[in-house]
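Spelled out from the first residue to the last, the chains are:
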Amino acid sequence: MTDASTQQTFMLPDHNLGLDLMRATEAAALAASYWIGRGNKNAGDGGAVDAMRSVLNAIRMDGTVIIGEGEKDEAPMLHNGEKVGAGSGPAIDIAVDPIDGTRLMAEGMRNSIAVIAASPAGTMFTNTECFYMNKLATGPEAADALDIEAPIADILAKIAKAKGKAIGDVTVALLNRDRHKPLMAEIRAAGARTRLYTDGDVAASVAAADDLNDVDLLAGIGGSPEGVITACAMHAMGGRIVAKLAPTSDEERQKTIASGIDPDQVLDTYDLVGSKDTLFVATGITDGDMCHGVHFSARGASTQSIVMRSSSGTVRFVDALHNLTKVHDYAERHGSGPELGEF
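None of these values were measured; they are calculated from a predicted model.

Quick notes on the environment of Asn213
Right, on to step 1. Counting through the fold element by element, Asn213 comes out in the loop between α8 (201–209) and β8 (217–223).
Right, on to step 2. Note: C-alpha distance between Asn213 and Asp289 (76 residues apart in sequence) is 8.3 Å.
Right, on to step 3. If near-sequence neighbours (up to four positions away) are discounted, Asn213 is found in contact with Arg195, Ala207 and Asp289.
Right, on to step 4. Here the side chain of Asn213 touches Val215 through a polar contact of 3.1 Å, landing on its backbone nitrogen.

Quick look at the nonpolar core
Right, on to step 1. Counting 44 residues, the largest nonpolar core has Met124, Leu272, Phe280, Met290 and Met308 as its most contacted members.
Right, on to step 2. For this core, the leading source of residues is helix α9 (residues 224–237), giving eight residues.
Right, on to step 3. Core analysis: the next-biggest nonpolar cluster, separate from the first, contains 37 residues, Ala27, Ala31, Met52 and Leu78 among them.

Some remarks on the pairing of strand β9 (residues 240–245)
Right, on to step 1. Counting buried positions over the six residues of β9 gives six, a clear majority of the element.
Right, on to step 2. Across the two faces of β9 the burial is the same, with Arg240, Val242 and Lys244 and Ile241, Ala243 and Leu245 all buried.

Looking at unusual backbone geometry
Right, on to step 1. At Asn111, a residue that is not glycine, the phi angle is positive and equals roughly 75°.
Right, on to step 2. Structurally, Asn111 is set in the loop between α5 (102–106) and β4 (113–120).

Focus: the pattern of salt bridges
Right, on to step 1. All chains considered together, the criterion is met by 15 salt bridges.
Right, on to step 2. With a shortest N-O distance of 3.6 Å, Glu251 and Lys255 are connected by a salt bridge. Within this pair, Glu251 and its partner Lys255 are both found in helix α10 (residues 250–258), separated by four residues, close to a single helical turn.
Right, on to step 3. Put simply, Arg103, Arg177 and Asp199 are held in one network by salt bridges that share partners.

Some words on the sheet that holds strand β5 (residues 132–138)
Right, on to step 1. The strand order across the open sheet formed by five strands is β7-β6-β8-β5-β9, and the pairing between neighbours is mixed. Bordering the open sheet on either side are β7 (193–197) and β9, each of which pairs with just one other strand. Ignoring which end each strand starts from, the neighbouring axes of this sheet average 20° apart.
Right, on to step 2. As defined by bridge partners, β5 adjoins β9 across six bridges and the pair is classed as antiparallel. Bridge assignment links Leu136 to a residue of β9, and that residue is Val242.
Right, on to step 3. The sheet strands contacting helix α6 (residues 152–163) are β5, β6 (171–175) and β8, and the helix crosses β8 at an angle near 140°.

Some details on the environment of Arg309
Right, on to step 1. Mapped onto the fold, Arg309 is located in strand β12 (residues 300–309).
Right, on to step 2. The class for Arg309 is buried, based on a relative accessible area of 6%.
Right, on to step 3. Sequence spacing of Arg309 and Thr278 is 31 residues, and the spatial spacing of their C-alpha atoms is 6.1 Å.

With respect to the packing of helix α2 (residues 17–33) against helix α3 (residues 41–56)
Packed helix pairs are specified by the crossing angle of their axes together with the interaxial distance, meaning the distance between the axes.
Right, on to step 1. Where α2 contacts α3, the axes come no closer than 7 Å and their chain directions differ by 155°. Accordingly, the angle class assigned to the pair α2 and α3 is roughly antiparallel. Our pair here, α2 against α3, has a crossing hand that is right-handed. Along the contact surface, α2 presents Leu21, Arg23, Ala24, Thr25, Ala27, Ala28, Ala31 and Ala32, while α3 presents Gly44, Gly47, Ala48, Ala51, Met52, Val55 and Leu56.
Right, on to step 2. Of the residues in the contact of α2 with α3, the class split is eleven nonpolar, three polar and one charged.

What about the pairing of β5?
Right, on to step 1. Burial of β5 is extensive: five of the seven residues sit out of reach of the surface.
Right, on to step 2. As defined by bridge partners, β5 adjoins β8 across six bridges and the pair is classed as antiparallel. Across the sheet, residue Lys135 finds its bridge partner in β8, namely Gly220.

Quick word on the packing of α8 against α9
Right, on to step 1. The N-to-C vectors of α8 and α9 enclose an angle of 25°; their axes lie 10 Å apart at closest approach. The orientation of α8 relative to α9 falls into the category roughly parallel. In terms of crossing hand, the pair formed by α8 and α9 is right-handed. Here Asp201, Val202, Ser205, Val206 and Ala209 of α8 come into contact with α9, specifically with Glu226, Ile229, Thr230, Ala233, Met234 and Met237.
Right, on to step 2. Each residue belonging to the contact of α8 with α9 can be placed in one class, and the counts come to seven nonpolar, two polar and two charged.

Notes on the packing of aromatic side chains
Right, on to step 1. Taken as a whole, this structure holds one aromatic pair when the rule is applied.
Right, on to step 2. Summarising the aromatic geometry, the rings of Tyr34 and Trp35 are spaced 5.1 Å apart at their centres and angled 85° between planes, so their arrangement reads as edge-to-face.
Right, on to step 3. One residue, Arg38, lies across the ring of Tyr34, its end atom 4.8 Å from the ring centre.

So, the side chain of Thr256
Right, on to step 1. Looking at the secondary structure, you find Thr256 in helix α10.
Right, on to step 2. The exposure class of Thr256 is buried, given its relative accessible area of 0%.
Right, on to step 3. Not counting residues up to four positions away in its chain, the partners in contact with Thr256 are Glu129, Cys130, Leu245, Ile261 and Pro263.

The rules behind each value
- Residues numbered from 1 in each chain as written.
- Predicted model: local features only at pLDDT ≥ 70, side-chain atom pairs only at ≥ 80, totals over all residues.
- Heavy atoms only, no water.
- Helix = DSSP H or I, 4+ residues; strand = E, 2+ residues; numbered from the N terminus.
- Contact = heavy atoms within 4.5 Å.
- Polar contact = N/O pair within 3.5 Å; in protein donor to acceptor, adjacent residues only side chain to side chain.
- Core = buried A, V, L, I, M, F, W, Y, C linked by side-chain atoms within 4.5 Å.
- Buried < 20%, exposed > 50% of the residue type's maximum accessible area, 1.4 Å probe, protein only.
- Salt bridge = Lys/Arg side-chain N within 4 Å of Asp/Glu carboxyl O.
- Pairing = 2+ DSSP bridges.
- Axes fitted to C-alpha atoms, helices over the stretch in contact; angles between N-to-C directions.
- Parallel < 35°, antiparallel > 145°, perpendicular 65-115°, else oblique.
- Left-handed = near helix turned anticlockwise from the far one by under 90°.
- Nonpolar A, V, L, I, M, F, W, Y, C, P; charged D, E, K, R; others polar.
- Phe/Tyr/Trp six-rings, centres within 6.5 Å; stacked < 30°, edge-to-face > 60°.
- Lys NZ or Arg CZ within 6 Å of the ring centre and 35° of its normal.

Right, dumping it as structure tokens:
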């Protein structure tokens, strides 16, 4: 017989909004899957945006897109400040990336995902002037080792000590960019390994915080919107991200200052998302370190999603099989993915 205390431990009477948001990332991934390997990232992104937006607007929430496709990608949908949801329910901040890794999707490469992060209204860091930031992210074991202003060799030594391994066994993930060549050289000179990602540092950050993965640290300059999305995941995983904005010109720096943000401020996890109550949801588009991608068979289109909820500390992997005929029929009619209610 189950006693009352055990029942209370495993009962979650409050609604898990993350599972609703997962339907939106699933829809975006299915829409994008039609364009995998076809070399047309804009068409894929457009289909993913339409599909994600359709589902988001049917969810019982009062959502505001704090980080969207908006100004950076000149996308017509899911822009910064857009209201999403049915209008009732909790007031929340939303960060979306219908395709994190559009080029990866278009070229049929690994680690393209559809991702949504959420937190209570007014808690997400808002920045519309500076599109890049310098970041470090890791899991709970080495969280205290992070210092964005310290030499990377010192950070690696602390991470190795915290994890009880030699520096030679520490792996650092970073985007494969020319700007990172000096950083790569320093990492290798310290004796650590590098793992280069073509695009998409959200997946790399989550890999660094996952103790089942052999990545120990995410380092380098990537998108500032992705930094906020990563912070939601770090809250749920017990990890940490520290960052500083990285203006690409003096004009961008001055615009950032004029907006009331100090570009030299060190931003910790709680500066990026000031709440312990966060959601992080992603569905694989192509196979990757976080999730399997969309696969097609005679049985249907399969997806794999991850749903992280910081308030309960749960990390769920959800596998789903979708009706293949409906996926193809919708793609032929609209050039994108499934509408709400078709699955």
